[in-house]
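Tertiary structure, described
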Amino acid sequence: MTRYAVVGTGGRSGMYVNALATEFASDCDLVALCDRNIGRARIAQERVKKERGSEVPVYTDAEFDRMLAEQRPERIVVTTGPDRSHADYIIRAMRAGCDVVTEKPMTTSAELCREILRAREETGRELQVTFNYRYSPPRSQIRSMIGEGAIGEILSANFSWYLDTRHGADYFRRWHRRRENSGSLLVHKATHHFDLVNWWIDDAPQEVFAQGSLRYYTPAQAEQMGLSGRGERCHGCPVASRCPFFLDLAANEGLKEMYLDQEEHDGYFRDRCVFSDEIDIWDTMSVSVRYRGGAILSYLLHAYSPVEGYRVAFNGTKGRIEHAASENTYINGDGTVPGELERGRITTTLIPEFSRPQAIEPEMGSGGHGGGDPVLLRDIFAPTGEPDPLRRRANQVDGSYSILVGVAAAQSIVRGEPVKIPELLGDAPLGERW
Ligand SMILES: NC(=O)c1ccc[n+]([C@@H]2O[C@H](COP(=O)([O-])OP(=O)(O)OC[C@H]3O[C@@H](n4cnc5c(N)ncnc54)[C@H](O)[C@@H]3O)[C@@H](O)[C@H]2O)c1
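So, here's what we can say about the structure. (Residues numbered from 1 in each chain as written. Predicted model: local features only at pLDDT ≥ 70, side-chain atom pairs only at ≥ 80, totals over all residues. Heavy atoms only, no water.)

What follows is about the sheet that holds strand 15 (residues 419-420). Taken together, nine strands build an open sheet; the order of strands is 14-13-12-11-7-10-9-8-15 and the sheet is mixed. Bordering the open sheet on either side are strand 14 (358-360) and strand 15, each of which pairs with just one other strand. Of the strand pairs in this sheet, strand 9 (residues 284-291) and strand 10 (residues 296-305) are connected by seven bridges, and their pairing is antiparallel. Considered in strand 10, the bridge of Val287 is made with Tyr299. (Pairing = 2+ DSSP bridges. Helix = DSSP H or I, 4+ residues; strand = E, 2+ residues; numbered from the N terminus.)

Our focus in this paragraph is unusual backbone geometry. As a rule of thumb, non-glycine residues mostly have phi less than zero, and peptide bonds are mostly trans rather than cis. Of note, the amide linkage connecting Gly81 to Pro82 takes the cis form, showing an omega dihedral of 10°. Mapped onto the secondary structure, Pro82 falls in the loop between strand 4 (75-78) and helix 4 (86-95). Of note, Arg72 is a non-glycine position whose phi angle comes to about 45°, a positive value. With respect to the helices and strands, Arg72 occurs in the loop between helix 3 (64-71) and strand 4. With a phi close to 50°, His369 is a non-glycine residue in the positive phi region.

Lining the immediate environment of the ligand, one finds 29 residues, of which Asp35, Asp83, Tyr89, Tyr259 and Asn332 sit closest. The separation between an oxygen atom of the ligand and a polar main-chain atom of Arg12 is 2.7 Å. Here Glu103 contributes a side-chain N or O atom positioned 2.9 Å from a nitrogen atom of the ligand. Across the shell around the ligand, the residue classes tally to six nonpolar, 14 polar and nine charged. Residues from two domains meet in the shell around the ligand; each of domain 1 (2-132) and domain 2 (133-216 + 279-369 + 392-425) gives at least three. (Near = heavy atom within 4 Å. Polar contact = N/O pair within 3.5 Å; in protein donor to acceptor, adjacent residues only side chain to side chain. Nonpolar A, V, L, I, M, F, W, Y, C, P; charged D, E, K, R; others polar. Domains from an automatic or database assignment.)

Another point: the packing of helix 11 (residues 190-200) against helix 16 (residues 396-415). Angle between the axes and distance between the axes are the two parameters that describe a pair of packed helices. For the pair helix 11 and helix 16, the least separation of the axes is 8 Å and the interaxial angle reads 120°. It follows from the interaxial angle that helix 11 and helix 16 lie oblique. The handedness of the crossing between helix 11 and helix 16 comes out as right-handed. Touching Thr191, Phe194, Asp195 and Asn198 of helix 11 are Asp398, Tyr401, Ser402, Ile403, Val405 and Gly406, all from helix 16. In terms of residue class, the contact of helix 11 with helix 16 is built from four nonpolar, four polar and two charged. (Axes fitted to C-alpha atoms, helices over the stretch in contact; angles between N-to-C directions. Parallel < 35°, antiparallel > 145°, perpendicular 65-115°, else oblique. Left-handed = near helix turned anticlockwise from the far one by under 90°. Contact = heavy atoms within 4.5 Å.)

Quick look at the structure:
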């Protein structure tokens, strides 16, 4: 039995804590929970008790080192938010002799990335980054097709990801909306997308140029929508009845218990106004990436769309693959399954050079993030040890490359010039891919 502790017991952690307390309880021993907000930690503690009948000790962030000493976990699951808090726990856990499983993004800046890489090299510990999208069957299928040479050598790709006005808006309500917390959506969100491309085409990004704007989630847009006199947050907002972005925390059992009822401990408001002038992340981003092997990626991220989903196309020396999907819309922690795909709303087409397009039946799975979450959990908590020809298990190499594209893109927007990934990595020891 491997001994586990989970640090960060907010919305996302529920999936891991529940898995540890139920499906994987015979392989894994959940020995501790830790959160800055003791109220949220106690909610998780209660859920564990309900599932397995025994209590798990809880610790605050200030007691993290004591938790390691007292409970002696062997693996730490890092699910804290803001994203910038990951690095500190990853490094402290590895230095204390633990392996680490971290939520994406691995971290938010080049400096923190280099610190993580040095700590990993010095300690020799394992660092797994949970890129759940890789495990989703239709996305794994794309990787197989490209890997098997269906369209030859990849020369270019274009990838557009659309977040709708429910899911996309949610990043403008809380910590994500400040670059210092999330690295912007180019890191927080696009780490998934850059990782997918890096993995799909099995190459390393080299150089990045980007443009970005913030023109929708702004006070000016709110005024145009007739939302004068709005409050700092949705709860108690004078214009709530007229605002299409009103998030009623009190009306959703999960959000109320997890956030509204726990505000007394840390003053974390989950429902700040999406039109606040405090927001400094971009809501529209365009990124161009050149890969080591010569392929070029053109990427767009849009955070206020009427649709939720993505379109990606790969152009190779022997043809083209087009793949598109619509996802269900959700707010993290609202009790729904996040990012589910529906058959009929996902398409894959193979277009060989000098031949007709062929519709490919997408492989489907059920569960969060396109069926990726349940497969990911099995891989983390009950690995079979069998070879993984798709190399879905991601470590610090993948974690670094995916965030560094976003970090480089953010720097490029600010500086108006291209940014080279090897310069961000410096002499930090990347290590081997698994
Ligand atoms: N892979 C995915 O699909 C996916 C989906 C959602 C979230 N996430 C990631 O999961 C992480 C958590 O996101 P969330 O939506 O649950 O956020 P959240 O705000 O709901 O929860 C974060 C938790 O961390 C706690 N916390 C904050 N700072 C802390 C610190 N220094 N030490 C200990 N605890 C601290 C907060 O009190 C809160 O309970 C983020 O990194 C996010 O990027 C991943």
